Structures are given as structure tokens and as C-alpha cells.
Amino acid sequence: MAEIKQGTELESEIRTLGNLELFLYSASVQIPHRIHYDLDYAREEGHRDILVHGPFQAVCMVQQALGGLGDDWRATKVSFRNLSPVLVDAPFECASSLIEVSEDGEEARVEIISRSLDGQTVFTTGELVVRRGA
Amino acid sequence: MDELLTKEAKEWIGYEYPIQTFEVTKHDILKFAYATGERNALHLDEAVSLKRGYRGLVAPPMFYIAVRTAAYHIVPLEEFSVDGTPKNDLPPISTIRGMGGEISAALPTPICAGDTLTIGKRVDDVWEKQGRSGPLVFVKFAFTITNQLSETVLNEEFTRIFR
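Since the model is a prediction, treat every value here as computed from it, not as a measurement.

### Some points on the overall build of chain B
Part 1 of the reasoning: Of regular secondary structure, chain B possesses four helices and five strands.
Part 2 of the reasoning: Reading chain B from its N end, one meets helices and strands in the order α-β-α-α-α-β-β-β-β.
Part 3 of the reasoning: Relative to its 163 residues, chain B shows a buried fraction of 52%.
Part 4 of the reasoning: Sequence-distant contacts in chain B: of pairs separated by 6 or more residues, those separated by 24 or more amount to 68%.
Part 5 of the reasoning: In chain B, the 18 positive side-chain charges and the 22 negative ones have mean positions that sit 5 Å from each other.

So this is what it looks like as C-alpha cells:
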């Protein structure tokens, strides 16, 4: 598991969300917005393809950070800013790093980001506060 | 210049939606966990949750989106707009081209299977500004969720953007 100290970069992950994942996510959170499953409608709204839900991207980012920290850590605060949409079937990278660690090492602030594989497009930025053992 | 924001929409600032309740089942949590590729056994195996002292299967942190969305999106078919979202869920702005903007949420207490949650939703602000490709409307919601033990589960500010 990662060393809990300021500046530690947690192992990044590449995620690709296809139609099946988007359908299952839409159903599990009751988000029936057509831009997430109806290509013709998504194009009517000016999108090139079906869009990944902003909060689904956020889930991937939280999973990457907590996965890097270990199963005994829990997110107690989350913030996200969506800058650009992720399209269905388009791989994206989730990365994160510890920007502050409490003196007792039991709480930390984590900077999180999702971006294109070439790093040219940032999709979402954000921050987590995580606690151990909560 | 075109404006999307109407006087009627501004009047929604401060509007409080009806309080909703949501009974969380193990299957609600598992549906979310599997859909999102969750790997932490705490969110997949009830026995692991119980062993760690929780009262039931623990939901992943972002599961709260399912609670606060479903609480206001489970409506009859005729109440959906052409874009697939509920008609009466938003202030009357002259566009439905919406997307997520920003989220800021405190999650002091985890959600567990078996919880009965109480959800509050309020429109905190509605404003318009000019984007590069035209006017944008921002709608900022405030959500609160408490559980059956009167513990706060969520305090969230969520801003949606319409263009």
C-alpha cells in the first residue's frame, strides 16, 4: 500500500466505460437522461457520442484514490468540478496524490484528476478528505 | 443577446422540494457496486461489513447520488421530458441541455443496507452568465440526508449547468 505522506502519488488507473456500464449505472442511480444511452438524442444536443455521467467519472476517481490507499480508508468529503465530458468507450486515466496528511497520519487530503491518456484534456478535477478506520 | 434565465426561474431560489424517504436495501447497494466496478469487499460482502462493526452492508461513498437522485426521479412515465429527465425537477429555464457542473459533499456517516434515509432538496441559487458559445444557466441545489438514527449522512452542494 502507499506510503501515507504528503506528495505521495497513488497508482493511477485507466478506465473505459462502455454502453453496458453506462446502462447499469443509469439504472442503479435512476438517471434516465438520454444523453447517456441514446446516440441520436446525444447528437441532437450537440455531442459527438454518448456521454459518461459526471458522477460516474467521480466514482472512478474515488475508487482509484481509495484503492491506492487501502481498504481501511474512507472518504468523508468529496468535491468535483467537471470540465469536459468523457465519451462512451473512450479510455481515461484517474490519478491522485496526497496533498496534506494529519500529524497522526489518520486523515489526509487527496487531489484527484481524470484526464485523457495523452494528458491533453482534463475531464474532472477534485479533492477528497479521507480518514483511516472510519 | 439571447437569455435563458426567466423571472419565473429566479423565483425558484429558496424553493424546498417535498421531503422524501428512501429505504436502502442490500440489492440497491450491490447494483451500484457492481455497476461501478467496485472492488472493496466492504461494499460487496455483508459479512465483511458486519465483521467491521457496521449494522449492514456498507454502501460505497458515492452511493449517495443514487439516494438523492432516485428520491426525486421515481415518477410516472408521463412526467418525463423529451430528454428523459423529470419535467418538474427544475426551474423553468428555456433549455433542457444540461450537464453536471460541480459537487461539494460532506459524508460524515456511511449509508448501510437497512437504513431509512430522509432527503431534503433546495434550490440555493439560479444565475446566468455568458459562456464562449452563448448563455449558460447555473442551478445550485443543496441536498441533505439523515438516517433513522438522526445522524447526518450527507450535506451536498450540487451545481448543474444548462446551455
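Don't stop here, the text continues.
### Re empty space enclosed by the protein
Part 1 of the reasoning: Applying the stated criterion across every chain, the model contains two cavities of 30 Å³ or more.
Part 2 of the reasoning: Around the largest cavity, the lining comprises 23 residues; the ones closest to its centre are Arg74 of chain A together with Ala59, Pro60, Pro61 and Pro110 of chain B.
Part 3 of the reasoning: A per-element tally of the lining of the largest cavity places strand S2 (residues 73-82) of chain A first, with three residues.
Part 4 of the reasoning: Classifying every residue of the lining of the largest cavity gives 16 nonpolar, three polar and four charged.
Part 5 of the reasoning: What the second largest cavity holds in volume is close to 40 Å³.
Part 6 of the reasoning: For the second largest cavity, the full set of lining residues is Gly54, Pro55, Ala58, Phe80 and Asn82 of chain A together with Gly100, Ile103 and Phe158 of chain B.
Part 7 of the reasoning: Among the elements of the structure, helix H3 (54-69) and S2 of chain A together with strand S2 (98-106) of chain B are those that each provide at least two residues to the lining of the second largest cavity.
Part 8 of the reasoning: In terms of residue count, the dominant contributor to the lining of the second largest cavity is H3 of chain A (three residues).

### Regarding helix H1 (residues 19-29) of chain A
Part 1 of the reasoning: Considered for burial, the residues of H1 of chain A that qualify are Leu22, Tyr25, Ser26, Ser28 and Val29 of chain A. The arc that holds every buried residue of H1 of chain A, seen down its axis, measures 170°, which confines them to one face. Residues Leu20 and Phe23 of chain A are exposed on H1 of chain A and point more than 90 degrees away from its buried face.
Part 2 of the reasoning: Those residues of H1 of chain A that are buried lie in contact with H3 of chain A together with helix H2 (26-35) and helix H4 (64-73) of chain B.
Part 3 of the reasoning: Gln30 of chain A, located one to two residues past H1 of chain A, shows a positive phi value of around 60°.

### Comments concerning the packing of aromatic side chains
All names here are of chain B.
Part 1 of the reasoning: According to the stated counting rule, one finds 11 aromatic pairs over all chains in the structure shown.
Part 2 of the reasoning: Note on Tyr17 and Tyr72: the rings are 5.7 Å apart at their centroids and 70° apart in plane angle, and the pair reads as edge-to-face. Of this pair, Tyr17 sits in the loop between helix H1 (7-10) and strand S1 (20-23) while Tyr72 sits in helix H4, and the two are 55 residues apart along the sequence. For the pair shown, Tyr17 and Tyr72 are each scored as buried.
Part 3 of the reasoning: The interplanar angle of 40° and the centroid separation of 6.2 Å between the aromatic rings of Phe141 and Phe143 together place this pair among those described as tilted.
Part 4 of the reasoning: Taken together, the ring pairs in this structure connect Trp12, Tyr15, Tyr17, Tyr72, Phe141, Phe143 and Phe158 into an aromatic cluster.
Part 5 of the reasoning: If you follow Lys121 out to its NZ or CZ, it ends over the ring of Phe141, 5.0 Å from the centre.

About the cut-offs
- Residues numbered from 1 in each chain as written.
- Chains lettered and ligands numbered in written order.
- Predicted model: local features only at pLDDT ≥ 70, side-chain atom pairs only at ≥ 80, totals over all residues.
- Heavy atoms only, no water.
- Helix = DSSP H or I, 4+ residues; strand = E, 2+ residues; numbered from the N terminus.
- Buried < 20%, exposed > 50% of the residue type's maximum accessible area, 1.4 Å probe, protein only.
- Contact = heavy atoms within 4.5 Å.
- Lys, Arg positive; Asp, Glu negative; His and termini not counted.
- Charge placed at Lys NZ, Arg CZ, Asp CG, Glu CD.
- 1 Å grid on protein atoms, 1.4 Å probe; cavity = no way out; pocket = protein on both sides within 12 Å on 5 of 7 lines; lining within 4 Å.
- Points joined across faces, edges and corners; volume = space filled by probe spheres on them.
- Nonpolar A, V, L, I, M, F, W, Y, C, P; charged D, E, K, R; others polar.
- Arc of directions from axis to C-beta.
- Phe/Tyr/Trp six-rings, centres within 6.5 Å; stacked < 30°, edge-to-face > 60°.
- Lys NZ or Arg CZ within 6 Å of the ring centre and 35° of its normal.

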